[in-house]
Amino acid sequence: VDGGMTINELMMSIQADAIQTVVLRPKQIETTALGAALAAGLATGVWESVEQVEHLNPTGKTFAPVISEAESNKRLRKWRDAVQRTLNLA
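Okay, so let's go over this structure.

**Looking at unusual backbone geometry**
Move 1: Backbone geometry at glutamine 20 places phi at a positive 55°, although glycine is not the residue there.
Move 2: The topology assignment puts glutamine 20 in the loop between α1 (9-19) and β1 (23-26).
Move 3: Residue classification places glutamine 20 among the partly exposed residues on the basis of a relative accessible area of 29%.

Have a look at this one:
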């Protein structure tokens, strides 16, 4: 993940719980320009493989799920229900 919101530790934990997988936040969180530059470099032969550029933005912190899959599914159902209720207001 990347972008300004990733500085929010709570959001990152919620995301890990929601998708039930470890979420990796890079040390440098604003990586849009870096990603574009790396993609261009790979496309033009500056680097030959993704493996050659992986070290340029190493993982800064990891977030692991702390709730069960059943609890995650329960929360997702509640969220979907809330979204559906708001759509019905229109």
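Back to the text.
**Overview of the side chain of aspartate 17**
Move 1: Within the element layout of this structure, aspartate 17 appears in helix α1.
Move 2: The buried charged residue aspartate 17 lacks any salt bridge partner; its closest oppositely charged side chain belongs to arginine 75, at an N-O distance of 4.5 Å.
Move 3: A polar atom in the side chain of aspartate 17 sits 2.6 Å from the backbone nitrogen of valine 66.

**A closer look at the pattern of salt bridges**
If charged atoms from side chains of opposite charge come close, those side chains can pair.
Move 1: Throughout the structure, instances matching the rule amount to four salt bridges.
Move 2: For glutamate 9, the salt bridge is made with arginine 25, and the minimal N-O distance between the two is 2.9 Å. A residue pair is termed long-range when its members are at least 10 positions apart, and glutamate 9 in helix α1 and arginine 25 in strand β1 qualify at 16 residues.
Move 3: By relative accessible area, which is 34% here, glutamate 9 ends up partly exposed.

**Some words on the side chain of threonine 31**
Move 1: For threonine 31, the position within the fold is in the loop between β1 and α2 (32-44).
Move 2: Not counting residues up to four positions away in its chain, the partners in contact with threonine 31 are Asp2, Pro26 and Asn57.

**Brief notes about the layout of surface pockets**
Move 1: Taken as a whole, the largest pocket spans an internal volume of roughly 310 Å³.
Move 2: For the largest pocket, the lining is made up of 17 residues, of which Pro26, Thr31, Leu38, Glu54 and Asn57 are closest to its centre.
Move 3: Among the secondary structure elements, those contributing two or more residues to the lining of the largest pocket are β1 and α2.
Move 4: Per-element tally for the lining of the largest pocket: the top contributor is α2, with four residues.
Move 5: For the lining of the largest pocket, the residue count by class is 10 nonpolar, four polar and three charged.

**Examining α1**
Helical periodicity: at 3.6 residues per turn, an α-helix aligns residues three or four positions apart in one direction.
Move 1: For α1, the complete set of buried residues consists of Met12, Ala16 and Asp17. When α1 is viewed along its axis, its buried side chains cluster within an angular range of 135° and face the same direction. Of the exposed residues in α1, the ones pointing more than 90 degrees away from its buried face are Leu10 and Ala18.
Move 2: Among the structural elements, β1, β2 (59-63) and α3 (69-87) are those in contact with the buried residues of α1.
Move 3: The N-cap of α1, judged by a side-chain oxygen 3.0 Å from the amide nitrogen of leucine 10 a few residues on, is asparagine 8.

Reading the values: rules and limits
Residues numbered from 1 in each chain as written. Predicted model: local features only at pLDDT ≥ 70, side-chain atom pairs only at ≥ 80, totals over all residues. Heavy atoms only, no water. Helix = DSSP H or I, 4+ residues; strand = E, 2+ residues; numbered from the N terminus. Buried < 20%, exposed > 50% of the residue type's maximum accessible area, 1.4 Å probe, protein only. Lys, Arg positive; Asp, Glu negative; His and termini not counted. Salt bridge = Lys/Arg side-chain N within 4 Å of Asp/Glu carboxyl O. Polar contact = N/O pair within 3.5 Å; in protein donor to acceptor, adjacent residues only side chain to side chain. Contact = heavy atoms within 4.5 Å. 1 Å grid on protein atoms, 1.4 Å probe; cavity = no way out; pocket = protein on both sides within 12 Å on 5 of 7 lines; lining within 4 Å. Points joined across faces, edges and corners; volume = space filled by probe spheres on them. Nonpolar A, V, L, I, M, F, W, Y, C, P; charged D, E, K, R; others polar. Arc of directions from axis to C-beta.

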